[in-house]
Structures are given as structure tokens and as C-alpha cells.
Amino acid sequence: MNLSDTESLGLELHGARTGNCFRAAIGLEEAGLPYTVRRVELSKNEQRSPAHLALNPAGKVPVLVVRSAGNVGDLVLTQSSAILFYAADLAPARLLPRHGAERLRALEAFFYFTSDVIALNGAAFTLQQGFPDAAGTLTARYCAAIEASERFLSVEGFMGSASFSIADIAACTIVSAVRASLSWNRIPKLAAWFALMEKRPSVQRGLHAFDLVRES
Ligand SMILES: N[C@@H](CCC(=O)N[C@@H](CS)C(=O)NCC(=O)O)C(=O)O
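Residues numbered from 1 in each chain as written. Predicted model: local features only at pLDDT ≥ 70, side-chain atom pairs only at ≥ 80, totals over all residues. Heavy atoms only, no water.

1. What about the layout of surface pockets?
When its volume is computed, the largest pocket comes out at roughly 1100 Å³. Counting residues per element, the ones that place at least two in the lining of the largest pocket are helix H1 (19-31), helix H3 (80-90), helix H5 (100-127), helix H6 (132-147) and helix H7 (166-178). Here the lining of the largest pocket takes nine residues from H5, the largest share from any one element. For the lining of the largest pocket, the residue count by class is 13 nonpolar, 18 polar and three charged. (1 Å grid on protein atoms, 1.4 Å probe; cavity = no way out; pocket = protein on both sides within 12 Å on 5 of 7 lines; lining within 4 Å. Points joined across faces, edges and corners; volume = space filled by probe spheres on them. Helix = DSSP H or I, 4+ residues; strand = E, 2+ residues; numbered from the N terminus. Nonpolar A, V, L, I, M, F, W, Y, C, P; charged D, E, K, R; others polar.)

Here it is, written out as C-alpha cells:
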């Protein structure tokens, strides 16, 4: 499947009001890719329905389905990071520089947030049931990692590179989710960056993508 051919095809984003789904939605919004939201009600266990398991046997969201017009089959992506890279492939100028040090700086910050912050946040959430001390240790660790992330801010005010990228998306969704746990007086540069992120239209639209049922 040629990715550029998919621009005119239907995109369906299956998800709920969770950080991983917000990341995917913000990426599609920033890339200017139209998509239809398919809400998955986690409280009703719809992620375990036969229809959803047929898309993602792991029973998780988000899932992006890129409908194919031909006989090549639909493209189904079941990782929020892969969905971000899909959007970045179609809109590199908006989401990830194609070459050079700028790309590597953006990727370094992106992987810092996905592996050193978001993964720990997910593990802490799981450990809250039965292992509160371990959950607390991980929470302290990922909050410290967020507070240490000021060093990735570029002089232009973005995470990693000189322009907005998938690193800003990874960073702003988790910072938004755990903002009450951060010592904001210690991180004025991150506070200024986050204020800009909250005003960005793609971020605002992505954070509200699953508020309303927009199914067609
Ligand atoms: N690594 C996956 C994680 C997906 C994930 O953990 N999704 C959660 C919501 S954020 C989920 O579907 N949970 C429902 C469940 O496990 O039943 C990604 O980045 O997309």
C-alpha cells in the first residue's frame, strides 16, 4: 500500500478518552487528515467485543483503520506511536523532520517521553491495584523525568526540535494527564511550553476527539 494513496481514503480512529488515544487523534489533527471517530466504551468492555478483537487481538485502543479502495486490504495500526508515525509520514513538515539532527532531536525527546515517562505511568496505573508502594515509586520516577525534560526544549520552544513534532504530542498528553502531580514552580520553561501546547488547535481538537460521537 502506497501511503500517499491513502490520503483520500477513509480513516477510522477507534478509541476512548485515554492518553494513547489522544496522542493518535492529535497526530491526525496536526497532519490535517480527516478521520471518523469510532468510540470504544471501555467501561462497557467494548474493547473485548468480537468486532474490536478482530481489529486488535490485544483488546486495546487506539486502533487506526485505513480503509483501502483496492484489493490490497485495509491497514490496521494498533499502537499509538505507529499511528503518529503514519501521520508524520504524510505530513513530515508538521510532525517530524525527514532528515538530520532535527529529526534525531525530535525522536530522542519522543522516545524519552514514551519510554521513560508514559510507559512508567502505565505500569504505575496497573500497580495501583494491590501494589500501591510500587505504584508510588514509579509515579515519583516519571514525575521526576517530566521535570527533567526541560533540557529537551529547543530555543524555539518545542520539545526536541525547532518546530512542533510528535515529541510535543507525546509530552503534552502525559503532562496534561498528570499536571496536578508536578511541581510547576520548579519548571517555568516547561510551564511556558505547556501553556503554548494547550492553545494549539490540533491539541485542543485531539483532546476532545472522543467527547462526542461523530460516527457517520
Ligand atoms: N502501547 C499501546 C497501549 C494501548 C493501551 O494500553 N490502551 C489502553 C488505554 S490507554 C486500553 O486499551 N486499555 C483497555 C484494556 O486494557 O482493557 C499504545 O500506545 O497504543
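Alright, that's what it looks like, and here's the rest.
2. Side note on the nonpolar core
Counting residues in hydrophobic clusters, the biggest one holds 64 residues, and the most contacted among them are Leu13, Leu64, Phe113, Ile146, Met159 and Trp193. Put simply, the parts of the chain that give this core at least two residues each are strand E1 (11-15), H1, strand E3 (63-66), H3, H5, H6, H7 and helix H8 (188-199). Here the element with the most residues in this core is H5; it accounts for 10 residues. When residues no more than four places from it in sequence are discounted, the contact partners of Phe113 are Ile118, Ile146, Ser149, Met159, Ala170, Ala171 and Ile174. (Core = buried A, V, L, I, M, F, W, Y, C linked by side-chain atoms within 4.5 Å. Buried < 20%, exposed > 50% of the residue type's maximum accessible area, 1.4 Å probe, protein only. Contact = heavy atoms within 4.5 Å.)

3. Details of the packing of aromatic side chains
The geometry of an aromatic ring pair is captured by two quantities: the separation of the ring centres and the angle between the planes. Taken as a whole, this structure holds seven aromatic pairs when the rule is applied. When the ring of Phe85 is compared with that of Phe110, the centres are 5.7 Å apart and the planes differ by 85°; the resulting orientation is edge-to-face. Remark: Phe110 occurs in helix H5 and Phe85 occurs in helix H3; sequence separation between them is 25 residues. Its relative accessible area of 0% is what places Phe110 among the buried residues. Each residue in the set Phe85, Phe110 and Phe111 is aromatic and connected to the rest through ring pairs, giving one cluster. One cation-aromatic arrangement involves Arg200 over Phe164; the distance from NZ or CZ to the ring centre is 3.9 Å. (Phe/Tyr/Trp six-rings, centres within 6.5 Å; stacked < 30°, edge-to-face > 60°. Lys NZ or Arg CZ within 6 Å of the ring centre and 35° of its normal.)

4. Description of the pairing of strand E2 (residues 36-39)
In the sheet, E1 pairs with E2 via four bridges, with the strands oriented parallel. Each bridged residue has a counterpart across the sheet, and for His14 the counterpart in E2 is Arg38. Traced from E1 through H1 to E2, the parallel crossover comes out right-handed. (Pairing = 2+ DSSP bridges. Right-handed = clockwise from strand over helix to strand, strands pointing away.)

5. Thoughts on the sheet that holds E3
Across the sheet, which stays open at both edges, the four strands sit in the order E2-E1-E3-E4 with mixed pairing between neighbours. Two strands close off the open sheet at either side, each with one partner strand: E2 and strand E4 (75-77). Taking each pair of neighbouring strands and ignoring which way they run, the sheet shows an average axis angle of 20°. The sheet contacts of H1 involve E1 and E3, and relative to E1 the element is tilted by about 160°. (Axes fitted to C-alpha atoms, helices over the stretch in contact; angles between N-to-C directions.)

6. Describing the site of the ligand
Within the structure, the ligand sits among Thr18, Asn20, Gln47, Gly59, Lys60, Val61, Pro62, Gln79 and Ser80. Within the side chain of Lys60, a nitrogen or oxygen atom sits 2.7 Å from an oxygen atom of the ligand. One nitrogen or oxygen atom from the side chain of Ser80 is found 2.6 Å from an oxygen atom belonging to the ligand. Compared with its free state, where it exposes 510 Å², the ligand has 70% of that area covered by protein. Its atoms largely coinciding with the cavity grid, the ligand occupies the largest pocket. Broken down by class, the residue content of the shell around the ligand amounts to two nonpolar, six polar and one charged. (Near = heavy atom within 4 Å. Polar contact = N/O pair within 3.5 Å; in protein donor to acceptor, adjacent residues only side chain to side chain. Areas by Shrake-Rupley, 256 points an atom, 1.4 Å probe, with all protein chains shown as cover. Sits in = over half its atoms within 2 Å of the grid points.)

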